[in-house]
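Each chain is listed here by its residues.
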Amino acid sequence: MSATVYTTNDVNAEALRGKRIAIIGYGSQGRAHAQNLRDDGFDVVAGVRKGGKGWSHATEDKIATAEVVDAVKGADLIAILTPDMVQDQVWKNEIEPNAKEGATILFAHGFSIVYGRVTPRKDLDVVLVAPKGPGDLVRREYARGRGVPALFAVYQDATGKARDRAMAYAKGIGGATGGLIETTFREETETDLFGEQAVLCGGAKELVKAGYQTLVDAGYQPEVAYFECLHELKLIVDLFYEGGISKMHDFISETAKYGAVVSGPRVVTEETKARMRDVLKDIQSGSFAREWILENQAGKPRYNALLNEDRDDPIEKTGAALRSRMAWLKSPTNS
């Protein structure tokens, strides 16, 4: 069954009017949320470390700043936008002891709730608002009078107002203009992790590396292999983004189309799909989350080793040399 897409007219815009919103963490999403909410007329304070980068950026953006404990005290909605792996400590040490009764706790990703990293008090509303785009896009589209679509969910409704507050927050950052889809914490978390691992970051990266190496091993020049397997991927992804698979088919050659439909299934086989199901099972069972938590607790040795392997891959050396000649990559819009 298709999801309902909610827009501005479906939102109780007064659900957060006159309420104080504390944005905890001032990275990509935190910065965009704070500025959009401020411009939408909300009372916003950034909870950041004094003297840190977040404090500097918030001051530059003319957003009120305070240490996390002080930002949380008295706030009606507390948006936890710090990285997943620090949320449990921020919650235990600074947010939970100082959040007022009946406040709304908001996450942009459900990891900490779904995998038991944060256990909220029973008197608090707990909601999720997850824009489907990076922070700079959330800010840029809002400034243009448009908006990035967002997911929203309610995990705990202590006041009877959690859903209205989540939707009002989503509208405040521009999400209702782009369209809101209701989900659950578990669905958002599991689909987000799966997409990152199997397709967007993990799958695409390995496909690019394998394609490049296949051509190089067959005797083709590395530079030509780079263009065909990595550089031109942006052209295809842009077509996907703008109009789905159909637009890609409309804008590529007949030869490319035929090759796509007959050879794509030879690469992504039933075995590939079985491995994808394995990835999903690890996410659903909590196995991936446990592994990632333990990896952090151990100081991330495997994580760092694997990242270094990617950075040392031959395609990176080839790509760096070629990109140094691409002046458009150094333009202000790409910096």
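Owing to the predicted nature of the structure, the values given are computational and were not obtained by experimental measurement.

What follows is about the environment of Phe227. Residue position: Phe227 is located in helix α11 (residues 222-231). Classification of Phe227 by relative accessible area gives partly exposed; the value is 30%. If sequence neighbours within four positions are ignored, Phe227 has contacts with Glu232, Leu322 and Met326.

So, about the pattern of salt bridges. Note that side chains of opposite charge can pair when their charged atoms are close. Throughout the structure, instances matching the rule amount to 26 salt bridges. Two residues, Glu182 and Arg163, come together in a salt bridge whose shortest N-O distance is 2.9 Å. Of the two residues, Glu182 is situated in strand β9 (residues 180-182) and Arg163 in helix α7 (residues 162-172); the sequence distance between them amounts to 19 residues. One continuous salt-bridge network, built from bridges that share partners, spans Lys205, Glu206, Lys209, Asp310 and Asp313.

What follows concerns the packing of aromatic side chains. Enumeration over the complete set of coordinates arrives at 6 aromatic pairs. Taking the centre distance of 6.4 Å and the plane angle of 80° together, the rings of Phe107 and Phe185 count as edge-to-face. With Phe107 in strand β6 (residues 104-107) and Phe185 in helix α9 (residues 185-200), this residue pair connects regions lying 78 residues apart in the sequence. Per residue, the accessibility class of Phe107 equals that of Phe185, and both read buried. Judged by centre distance (6.1 Å) and plane angle (70°), the rings of Tyr226 and Phe227 are edge-to-face. Among the residues examined, Tyr226 registers a relative accessible area of 2% and is labelled buried. An aromatic cluster is present here, built from Phe107, Tyr155 and Phe185 joined pairwise through their rings. Looking at Arg17, its charged tip hangs above the ring of Phe42, at a distance of 4.4 Å from the centre.

A few words on the packing of helix α10 (residues 202-217) against helix α17 (residues 314-323). Their axes nearest at 10 Å, the elements α10 and α17 cross at an angle of 85°. In terms of orientation, α10 and α17 fall into the roughly perpendicular class. Between α10 and α17, the contacting residues are Val208, Lys209, Tyr212 and Gln213 on the first element and Pro314, Ile315 and Thr318 on the second. Taken together, the residues of the contact of α10 with α17 break down into 4 nonpolar, 2 polar and 1 charged.

Turning to the nonpolar core, a few remarks are in order. The biggest cluster of nonpolar side chains holds 34 residues, and the ones touching the most others in it are Ile24, Ile78, Ile95, Ile105, Phe107 and Phe185. Take this core: its biggest share by element is 4 residues, from helix α4 (residues 84-95). In this structure, Ile105 is in contact with Ile78, Ile80, Trp91, Ile95, Leu124, Asp125, Val126 and Val127, ignoring residues within four places of it in sequence. Of all hydrophobic cores here, the second largest spans 33 residues; its members include Ala58, Ala150, Ala170 and Leu180.

Let us look at the layout of surface pockets. In this structure, the second largest pocket occupies an estimated 300 Å³ of space. Along its surface, the second largest pocket is lined by 18 residues, and Gly25, Gly47, Val48, Arg49 and Thr82 are the ones closest to its centre. Elements with a minimum of two residues in the lining of the second largest pocket: α2 (53-60) and α4. If one sorts the elements of the lining of the second largest pocket by residue count, α4 sits on top with 3 residues.

In this structure, Glu141 sits in helix α6 (residues 135-143). Discounting chain neighbours no more than four positions away, the residues touching Glu141 are Arg146, Gly147 and Val148.

Cut-offs used in this document
- Residues numbered from 1 in each chain as written.
- Predicted model: local features only at pLDDT ≥ 70, side-chain atom pairs only at ≥ 80, totals over all residues.
- Heavy atoms only, no water.
- Helix = DSSP H or I, 4+ residues; strand = E, 2+ residues; numbered from the N terminus.
- Buried < 20%, exposed > 50% of the residue type's maximum accessible area, 1.4 Å probe, protein only.
- Contact = heavy atoms within 4.5 Å.
- Salt bridge = Lys/Arg side-chain N within 4 Å of Asp/Glu carboxyl O.
- Phe/Tyr/Trp six-rings, centres within 6.5 Å; stacked < 30°, edge-to-face > 60°.
- Lys NZ or Arg CZ within 6 Å of the ring centre and 35° of its normal.
- Axes fitted to C-alpha atoms, helices over the stretch in contact; angles between N-to-C directions.
- Parallel < 35°, antiparallel > 145°, perpendicular 65-115°, else oblique.
- Nonpolar A, V, L, I, M, F, W, Y, C, P; charged D, E, K, R; others polar.
- Core = buried A, V, L, I, M, F, W, Y, C linked by side-chain atoms within 4.5 Å.
- 1 Å grid on protein atoms, 1.4 Å probe; cavity = no way out; pocket = protein on both sides within 12 Å on 5 of 7 lines; lining within 4 Å.
- Points joined across faces, edges and corners; volume = space filled by probe spheres on them.

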